[in-house]
Amino acid sequence: MQSVFALVGLTSSQGLALLVCVAVFATVMSVALPMLSGNELKSRMKAVALEREEVRARERARMSIEKERGRKGSVRQAENKGLAAAVVEKFNLKNALADEKTVGKLRIAGYRGQRPLTLFLFTRATLPLLFFVLAAAYIFGAGLLLDRPFVMRGAVCIFVAYFGFYLPNIFISNKASKRKQSISRAWPDALDLTLICVESGLTIEAAFRRVSDEIGIQSVPLAEELVLVCAELSYLQERKTAYENLFLRTGIDDVRSVSTALIQAERYGTPLGQALRTLSQESRDNRMNNAEKKAAALPPKLTVPMIIFFLPVLFAVIIGPAIIQIMHTT
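Attention now moves to the overall build of the protein. Broken down by element type, the protein carries 15 helices and zero strands. Burial analysis of the protein (330 residues in total) assigns 28% to the buried set. Long-range contacts, defined here as pairs at least 24 residues apart, represent 61% of the contacts in the protein between residues at least 6 apart. Looking at the protein as shown, the accessible area adds up to about 21,900 Å², and 64% of this sits on carbon and sulfur atoms.

Quick look at the structure:
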């Protein structure tokens, strides 16, 4: 240890003090980081509570035309204060870049409301310009690709700008896929809990509220969606709309089946327990089938890594001693 300290130009006491400082810093960081990270479930539930209050305010305002106009005017004034909203409104980006599919993708990714759509359109409009300026400054200013013709360097800048234009779409798609995967994994368990609550005598709203408290440990997005369903069932005029919105916000086929069963139970008075039991078993079977498909796809995927990484090492271990003996004998 003293030789190591001597190599870096430190005495034994200085080196020991340095090690103590590093150990104290690592201890403090290990204790402080979990506290600073926060609780994702609590933050998401706070956001859902705010959205639930928005649903309540919107449905109350809809009953009165004057209040509805006043609320729309206040929302419009609040949106016009931001830079992103001003750019989107000035260049009319909603008609140029947004459609129903865009709103649906944002909803499935967990971004609801007008502000996420505004920020999404603003980033799609500004990122290509930013990426083009950075690429041009790096290529023409820093002297990159000097041996290439001017047309090729300009094409590289355009390609980088094109990538910046589609980068928000890639981010939203990845966010939506992760969210759908989290909901799909926890959905069969949520149906089982809902079935237990319904058969014990609770209403569907109370069942969803109870399940949202329990399922948040396994899937925060699913707990968030169930809380929103409870809010919409309480304040929307038609309960059918709340069940349909659940599928639109998730985009999962199993959720659509459950939404259809709930709508039929509300309309025709059919027993809900048997339908939930059947759908829960189907969701669990689908989850098992997906796991089996991934397991069956592993051998072809592992063939190339085994050939590249494992076989050379195996050959070296087997043939290496023989080669060393031959070299010593010769």
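As a further point, take the nonpolar core. With 33 residues, the main nonpolar core has Ile-204, Phe-208, Ile-215 and Leu-222 as its most contacted residues. At the level of elements, α9 (150-199), α10 (204-215), α11 (220-235), α12 (239-250), α13 (253-268) and α14 (272-296) are the ones that each hand at least two residues to this core. For this core, the leading source of residues is α9, giving eight residues. Those residues in contact with Ile-215, other than ones at most four positions away along the chain, are Ala-186, Asp-189, Ala-190, Leu-193, Leu-222, Ala-223 and Leu-226. Ranked by size, the runner-up nonpolar core spans 14 residues in total, among them Val-87, Leu-106, Ile-108 and Leu-121.

What follows deals with unusual backbone geometry. Residue Asn-92 is not a glycine yet carries a positive backbone phi of 55 degrees. Checked against the element boundaries, Asn-92 lands in the loop between α5 (83-90) and α6 (93-97).

Glancing now at the confidence of the model for the protein. Here the protein averages 81 in pLDDT, and 78% of its residues register 70 or above. When mean pLDDT is compared element by element in the protein, α9 scores highest at 92, while helix α1 (residues 2-7) scores lowest at 45. Between residues 1-10, whose pLDDT stays under 50, and residues either more than four places distant or in other chains, the model counts nine contacts. Long-range and interchain partners of residues 72-80, a stretch whose pLDDT sits below 50, account for four contacts in this model, where long-range means more than four residues apart.

What follows is about α12. An ideal rise of 1.5 Å per residue puts 16 Å on 12 residues; α12 measures up with 18 Å between its terminal C-alpha atoms. Taken together, the buried positions of α12 are occupied by Ala-242, Tyr-243, Leu-246, Arg-249 and Thr-250. Taken down its axis, α12 places every buried residue within 125 degrees of arc, on the same side. Positive phi shows up at Gly-251, right after α12, with a value of about 70 degrees.

This next bit is on the packing of aromatic side chains. Scanning the entire structure with this criterion turns up four aromatic pairs. Measuring from centroid to centroid gives 5.4 Å for Phe-140 and Phe-150, while their planes differ by 50 degrees, and the two rings are tilted. On the criterion of sequence distance, the pair formed by Phe-140 in helix α8 (residues 114-141) and Phe-150 in helix α9 is long-range, its members being 10 residues apart. Taking the relative accessible area as the measure of exposure, Phe-140 reaches 35% and is therefore partly exposed. These aromatic residues form a ring-pair network of at least three members: Tyr-162, Phe-165 and Tyr-166. Positioned above the aromatic ring of Phe-165 is the side chain of Arg-124, whose terminal nitrogen or guanidinium carbon lies 4.0 Å from the ring centre. If you follow Arg-124 out to its NZ or CZ, it ends over the ring of Tyr-166, 5.7 Å from the centre.

Cut-offs and rules
Residues numbered from 1 in each chain as written. Predicted model: local features only at pLDDT ≥ 70, side-chain atom pairs only at ≥ 80, totals over all residues. Heavy atoms only, no water. Helix = DSSP H or I, 4+ residues; strand = E, 2+ residues; numbered from the N terminus. Buried < 20%, exposed > 50% of the residue type's maximum accessible area, 1.4 Å probe, protein only. Contact = heavy atoms within 4.5 Å. Areas by Shrake-Rupley, 256 points an atom, 1.4 Å probe, with all protein chains shown as cover. Core = buried A, V, L, I, M, F, W, Y, C linked by side-chain atoms within 4.5 Å. pLDDT = per-residue confidence, 0-100. Expected span 1.5 Å × (residues − 1). Arc of directions from axis to C-beta. Phe/Tyr/Trp six-rings, centres within 6.5 Å; stacked < 30°, edge-to-face > 60°. Lys NZ or Arg CZ within 6 Å of the ring centre and 35° of its normal.

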